[in-house]
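Chain by chain, the residues run as shown.
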Amino acid sequence: MSHLDKILLVVYILTTLPLAVILIYKISRLNQLMPKFNSVKKSLDDMDEQAKLIVRTDMELNKIQEALDKKITGLYALQRLSRIISMTLEEDQIFKRIQPEYLEDLGLERGCGFLWDDGHKQFALRFSIGYTEDEINAIKSFINNNQKQCLNFITSDKTLSSISGLNDLITAQQLNTIFKVISCIISPLLPQQNNRGLIFVGTQNPETVVTEGDEELIKILATQLGQALENARLFEKSWRAQQELEKKVIERTHELTVALEEVKKISDRKTNFVSSVSHELRTPLTSIKGYAAILLTGKLGDLPKDVRERLEKINRHSDELVHMVNELLDIARIESGRVIMRSEICGLQETASKVEDLLSGQLKERALYLNTGIAQDTNLVLADKIQLERVLINLISNAIKFTPAQGRITITSRKIDKMIRVDVSDTGCGIPEEAQEAIFEEFFRVDNAINQEVKGTGLGLSLVKHIVEAHGGKIWVKSKPESGTTFSFTLPAAE
Amino acid sequence: MQAAIGISTAQDHLKAAKEAVEKAKQDLNGKKIKFAFVFSTGEFCHPLVLETIADLIGPVQLLGASSTAIICNQGSLKQGLMVILFSLEESIYFNAACVKDIGANTALTSGEELGERLLYGCKNVRRNLSVIFSNTSAVYNSNFITGLQEKLGRSFPLVGASITAHKESCLYFGPEILHNAACGILWGGKLNFNLEIGHGWQPLGKPRYVTRSLGDIVNEIDGVPAANLYKEYFAKEIPELKKELKRLSVFYPLGLRISENNDYLLRSIVSIESDGSLVFRGEVPQGSYVRLMISSKEACLLSASNVAKTTLRNVGGKKIKFAFILNSLSRNILLGRQAIQEIKLIRDILGEDVPLSGIYTSAEQAPLNSINYLGKTYFHNNSIALLTIVD
């Protein structure tokens, strides 16, 4: 070893020794830190293991959340669609309202619906979403080429899908090439009816393939569609029936109007006839009565007793005939509107008293009692005084005629709304029920013993009815044989 | 600046176009239209719609995109067309451009090309902000953004929205409908804006080391096939994991630690390869630490609320003229029925009178915020970005 080599060895030892010392120190330090390092590493690994648990749980939660979101979105879409289709009663509108966004919310982008046309014996397309004209024509051809299978499927009332299996109704290849989807749901519409059909929905998107939940939603949608269609058809049916009914009502109204016009013409002719005849009768009657009266005065010479009796009969009968002709003329005038009823304030009590005075002789002769129970607040009516008198005279005269001795006639009044109702009651023989409707007709006389004995024109009640109605009132009768009769009429109250 | 929004949900596309433009024009009160954004759902992705809009608004630049749903003051519409007309002061400059046929190998050059086109007419003005829309899978490997920023520079924020490469997701540029393309607008001059982004996911479990990756493909994590990470966490084999891919992508992305702050960039899984490699929506650099991320509806809503609150704080009482939301589709899936709450939260915080618009995206490009912008644009997943233009 040369001197230089020795020097170099010393230098080497001097330089490497500290390094060796440092290295030994570092190794010793490393050995000291190793447990800590291992501990940190273990903590990190533990943390990583926990992280794994967290992400796995998170992933599962996300999946559940997604499924829930999908279901909620689907339910919302179904609810909106159901509401919108139930708001129309037109069959075409129901299908038009199925818009792409509702299908999109269900994660589907293609759909179509067919209804069976019993007349043409084929399925008719009612809606199509996401298909071109050529594509939907191909689907329509497929459905109609497989009518029997499709009708059997509808009758089965079972919803099919790519998950539950399409039961050979559509093969996977047909689904892809004709329906242009990879997963689908097909559901029957109104399986129990003639005009039944089916809806088909699907997707091309492998990420949104249909689920069991979707199948359930589409089944509900098909039921709702069916109900909406049924409602629309029922509405259509009832609408048509209503139209038919309205048409019939219009026709019948027209017939009745024509008949009424005819009746009016006849009635006018009758009124004119009665009026003319009455006038024609009154002139000779006046002459007959006049000559009879002159002869009875004896100015033309004394009359033998027999002749006088006959002349008195002629005179009396002439009076009755004049009375009848006058009543007929009055009825004719009222009917034709030639008589204008004056509207003046009349006191019922006053009028009834006047009539009572007028008929007091007859009342006394027949030993009848007339009571008037007209209260102060129901006393005043708006009427033509003379005509009101005629009404009361006729009704009380009638009562006198048909009430046996010691009987009672009562006049009462009451207020009903803006009218005063007057009741003229008696304790007479009453009117048979079958005759009650006819007694206001001209020349009608109840067939009873009294009428056979007592003379009458059969015009009194008809005249009364005409007078009351000309005042805007009504008249009716209530009667029971042997229990008396009540004639009631109304007149406007004087405020 | 004034932004006027017109929305229509009419089934008839042309009627919808007319309605939306008329409403927006009405709100603009006769002011001159400088350019227009058009956002819609897939149904309205038709050249005639754009032609109708162009006829009604005149010869102004128009760009936009279609997505699953559009965001507006009422919430999110699953079917609708939105036209936003902008009237700008002379001090604000802008230029819009597009590039087509972007391929995996041409992403960088396509980015450069778009940058060049956007710069046309704006070279000598101070650039403020660019907003880019793309609908090509090639774009989200960061090469496109790199190329774009090569040309535009890194001195101002870039906001980008990747929409799904799907036939119903398209880009609008002028009267054209574009696929596998990108379009954007570059703003310059006196434009005041704020940008915030957030996600609401939290790390779970221990950090893992990406031992082998290339771009958006991660082959190995901690020296074993990348899919093992998900196999371990979820106790499922690869075929089962593949079945759960959508759920894994939305709920459990990987978090990539950002060194600048304590936040994580999210990377959601696009596919699981048979060799155990994982393909993510965005680049995962080799050598980076990643963690599994987890969120909840509440955390997601809270993050949106924080984004809006921070925006309000940053604008410092200035009037917000227009708010634009780029919201990840994944958030929409995670929030489910509560997705509308996220928009309502932002609307309520910013104020109901602030015109709100936006689209759902598959990925978002943006800096972490515009206040502390350090020239770096990140690629985000599962995030919500809020761009507000203020007085």
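Preceding this paragraph is the structure being described.
Residues numbered from 1 in each chain as written. Chains lettered and ligands numbered in written order. Predicted model: local features only at pLDDT ≥ 70, side-chain atom pairs only at ≥ 80, totals over all residues. Heavy atoms only, no water.

**Student:** Explain the overall build of chain B here, please?
**Tutor:** Scanning chain B for helices and strands turns up ten helices and 26 strands. A burial count over chain B gives 62% of its 391 residues as buried. Taking the contacts inside chain B whose residues are at least 6 apart along the sequence as the reference set, 80% of them involve residues at least 24 apart. Counting only carbon and sulfur atoms, one obtains 49% of the accessible surface of chain B, whose full area is about 15,000 Å². (Helix = DSSP H or I, 4+ residues; strand = E, 2+ residues; numbered from the N terminus. Buried < 20%, exposed > 50% of the residue type's maximum accessible area, 1.4 Å probe, protein only. Contact = heavy atoms within 4.5 Å. Areas by Shrake-Rupley, 256 points an atom, 1.4 Å probe, with all protein chains shown as cover.)

**Student:** When you look at the sheet that holds strand E8 (residues 127-134) of chain B in this model, what are you seeing that I'm missing?
**Tutor:** Within a sheet, each strand pairs with its neighbour through backbone hydrogen bonds, oriented either parallel or antiparallel. Residues and elements named next belong to chain B. Ordered in space as E7-E12-E8-E9-E24-E25, the six strands form an open sheet in which the pairing is mixed. In the strand order of this sheet, the two ends are held by strand E7 (92-99) and strand E25 (378-380), each with one partner. Between one strand and the next, the sheet's axes are offset by a mean angle of 15 degrees, whatever the strand orientation. Pairing geometry for E8 and strand E12 (residues 182-189), over seven bridges, is antiparallel. In the strand pairing of E12, Val131 is matched with Ile185. Most of the contacts of helix H4 (residues 143-152) go to E8, to which it runs at about 155 degrees, and overall it touches E7, E8, strand E9 (158-162), E12 and strand E24 (363-366). (Pairing = 2+ DSSP bridges. Axes fitted to C-alpha atoms, helices over the stretch in contact; angles between N-to-C directions.)

**Student:** Even after reading the chapter, I still don't get the interface of chain B and chain A, so can you show me in this structure?
**Tutor:** A common way to state how big an interface is: give the accessible area lost once the parts meet. If you look at the interface, chain B gives 24 residues, while chain A gives 22 residues. Interface area lost by chain B to chain A is led by Lys206(B), Arg247(B) and Arg337(B), which between them contribute 29%. At the junction of chain B and chain A, the tally comes to seven salt bridges. Close ionic contact of Asp105(A) with Lys78(B) constitutes a salt bridge, the shortest N to O distance being 3.7 Å. Counting every contact that joins chain B to chain A gives twelve residue pairs in polar contact (both at pLDDT 80 or more). Elements represented by at least two residues in the side of chain B that touches chain A include exactly strand E14 (202-214), helix H5 (227-234), helix H7 (245-251) and strand E21 (289-294) of chain B. Per-class residue counts for the side of chain B that touches chain A are nine nonpolar, four polar and eleven charged. (Buried area = accessible area lost by both parts, 1.4 Å probe. Salt bridge = Lys/Arg side-chain N within 4 Å of Asp/Glu carboxyl O. Polar contact = N/O pair within 3.5 Å; in protein donor to acceptor, adjacent residues only side chain to side chain. Nonpolar A, V, L, I, M, F, W, Y, C, P; charged D, E, K, R; others polar.)

**Student:** What am I meant to see in the state of the cysteines here?
**Tutor:** By definition, a disulfide links the sulfur atoms of two cysteine residues through a covalent bond. Residues and elements named next belong to chain B. With the rule as written, the count across this model stands at one disulfide over all chains. At a sulfur-sulfur separation of 1.7 Å, the disulfide partner of Cys45 is Cys170. Pair noted here: Cys45 is in the loop between strand E2 (35-41) and helix H2 (47-57) and Cys170 is in the loop between E9 and strand E10 (171-173), with a separation of 125 residues, a long-range link. As far as burial versus exposure is concerned, Cys45 and Cys170 are alike and both buried. (Disulfide = S-S within 2.5 Å.)

**Student:** It is not clear to me how the pattern of salt bridges should be interpreted in this structure. Could you clarify?
**Tutor:** Once the charged atoms of two side chains with opposite charge are near each other, the side chains can pair. Within the structure shown, the criterion is met by 40 salt bridges over all chains. A salt bridge links Glu244(B) to Lys63(A); the shortest N-O distance between them is 2.7 Å. With one member in each of two chains, Glu244(B) in the loop between helix H6 (238-243) and H7 and Lys63(A) in helix H1 (residues 3-86) form a pair that bridges those chains. Judged by its relative accessible area of 11%, Glu244(B) is buried. Among the salt bridges present, the one from Glu116(B) reaches Lys151(B), with a minimum N-O distance of 3.3 Å. Taken together, the residues span a long stretch of sequence, with Glu116(B) in helix H3 (residues 107-119) and Lys151(B) in helix H4 at a distance of 35 residues.

**Student:** Can you help me understand H5(B) in this one?
**Tutor:** Residues lying three or four places apart along an α-helix face the same way, a consequence of the helix completing one turn every 3.6 residues. Residues and elements named next belong to chain B. For H5, every residue scored as buried is listed here: Ala227, Leu229, Tyr230, Tyr233 and Phe234. Seen from one end, H5 has its buried residues packed into an arc of 155 degrees, which puts them on one side. At the exit of H5 stands Ala235, carrying a positive phi of roughly 55 degrees. (Arc of directions from axis to C-beta.)

**Student:** When you look at the side chain of Gln387(A) in this model, what are you seeing that I'm missing?
**Tutor:** All names here are of chain A. Relative to the elements of secondary structure, Gln387 occurs in helix H11 (residues 385-402). On the basis of relative accessibility, which here comes to 11%, the residue Gln387 falls in the buried class. Among residues more than four places away in sequence, those in contact with Gln387 are Met341, Ile467 and His471.

**Student:** Before we go on, may I ask you to explain the packing of helix H1 (residues 13-28) of chain B against H2(B) in this structure?
**Tutor:** Residue and element names in this part refer to chain B. Running from N to C, H1 and H2 cross one another at 30 degrees; their axes reach a closest spacing of 9 Å. In terms of their interaxial angle, H1 and H2 are classed as roughly parallel. In this structure, H1 crosses over H2, and the sense of that crossing is right-handed. Only Leu48, Val49, Thr52, Ile53, Leu56 and Ile57 of H2 make contact with H1, whose side of the interface consists of His13, Leu14, Ala17, Lys18, Val21 and Lys25. In terms of residue class, the contact of H1 with H2 is made up of eight nonpolar, two polar and two charged. (Parallel < 35°, antiparallel > 145°, perpendicular 65-115°, else oblique. Left-handed = near helix turned anticlockwise from the far one by under 90°.)

**Student:** Whenever I open this one, the sheet that holds E2(B) confuses me. Can you help?
**Tutor:** All names here are of chain B. Taken in spatial order, the six strands make up an open sheet running E1-E6-E2-E3-E10-E11, and their pairing is mixed. A single partner strand is all that each edge strand has here, and the edge strands are strand E1 (2-8) and strand E11 (176-178). Across the sheet, the axes of successive neighbouring strands diverge by a mean angle of 20 degrees, strand direction being ignored. Bridge count between E10 and E11: three bridges; the pairing is antiparallel. Bridging from a neighbouring strand, Tyr172 pairs with Ile177 of E11. The sheet contacts of H1 involve E1 and strand E6 (81-87), and relative to E1 the element is tilted by about 150 degrees.

**Student:** Whenever I open this one, unusual backbone geometry confuses me. Can you help?
**Tutor:** Residue Glu482(A) is not a glycine yet carries a positive backbone phi of 70 degrees. With respect to the element layout, Glu482(A) can be found in the loop between strand E11 (475-480) and strand E12 (484-492). A relative accessible area of 66% places Glu482(A) in the exposed class. The backbone phi angle of Ala235(B) is positive, close to 55 degrees, even though this residue is not glycine. Structurally, Ala235(B) is set in the loop between H5 and H6.

**Student:** I'm lost on the pairing of E2(B) in this one. Help?
**Tutor:** Regular strands have side chains that alternate between both faces of the sheet. All names here are of chain B. Buried residues dominate E2, accounting for seven of its seven residues. Of the two faces of E2, the one holding Phe35, Phe37, Phe39 and Thr41 and the one holding Ala36, Val38 and Ser40 are both buried throughout. Relative to strand E3 (residues 61-67), E2 runs parallel, the two sharing seven bridges. The residue of E3 that forms the bridge with Phe39 is Ala65. In terms of handedness, the path from E2 via H2 over to E3 forms a crossover that is right-handed. (Right-handed = clockwise from strand over helix to strand, strands pointing away.)

**Student:** Help me out: how do you make sense of the packing of helix H9 (residues 348-358) of chain A against H11(A) in this one?
**Tutor:** Residues and elements named next belong to chain A. The interhelical angle for the contact between H9 and H11, taken along N-to-C directions, is 50 degrees, at an axis separation of 10 Å. With respect to H11, the axis of H9 lies oblique. The crossing of H9 and H11 is right-handed. In contact with Leu348, Thr351, Ala352, Lys354, Val355 and Leu358 of H9, H11 contributes Leu388, Glu389, Leu392, Ile393 and Ile396. Residue composition of the contact of H9 with H11, by class: eight nonpolar, one polar and two charged.

**Student:** What is the right way to read the environment of Ala227(B) from this model?
**Tutor:** Residues and elements named next belong to chain B. As for its position among the elements, Ala227 is in helix H5. Residue class for Ala227 comes out buried when judged on its relative accessible area of 0%. Sequence separation between Ala227 and Glu237 is ten residues; the distance between their C-alpha atoms is 9.1 Å. Filtering out sequence-adjacent residues up to four positions away, Ala227 remains in contact with Ile238, Leu241, Ile272, Gly276 and Leu278.

**Student:** Would you take a moment to explain the environment of Glu43(B) for this structure?
**Tutor:** Residues and elements named next belong to chain B. Here Glu43 lies in the loop between E2 and H2. For Glu43, a relative accessible area of 30% corresponds to the partly exposed category. With near-sequence residues (within four places) excluded, Glu43 lies in contact with His13, Lys78 and Gln79. One polar contact links Glu43 to Thr41, side chain to side chain, over a distance of 2.7 Å.

**Student:** Would you mind going over the side chain of Ser40(B) with me for this structure?
**Tutor:** Here Ser40(B) is to be found in strand E2. Once you skip the residues sitting within four places of it in the chain, Ser40(B) turns out to touch Ala65(B), Ser66(B), Ser67(B), Ile70(B), Gly80(B), Leu81(B) and Tyr172(B).

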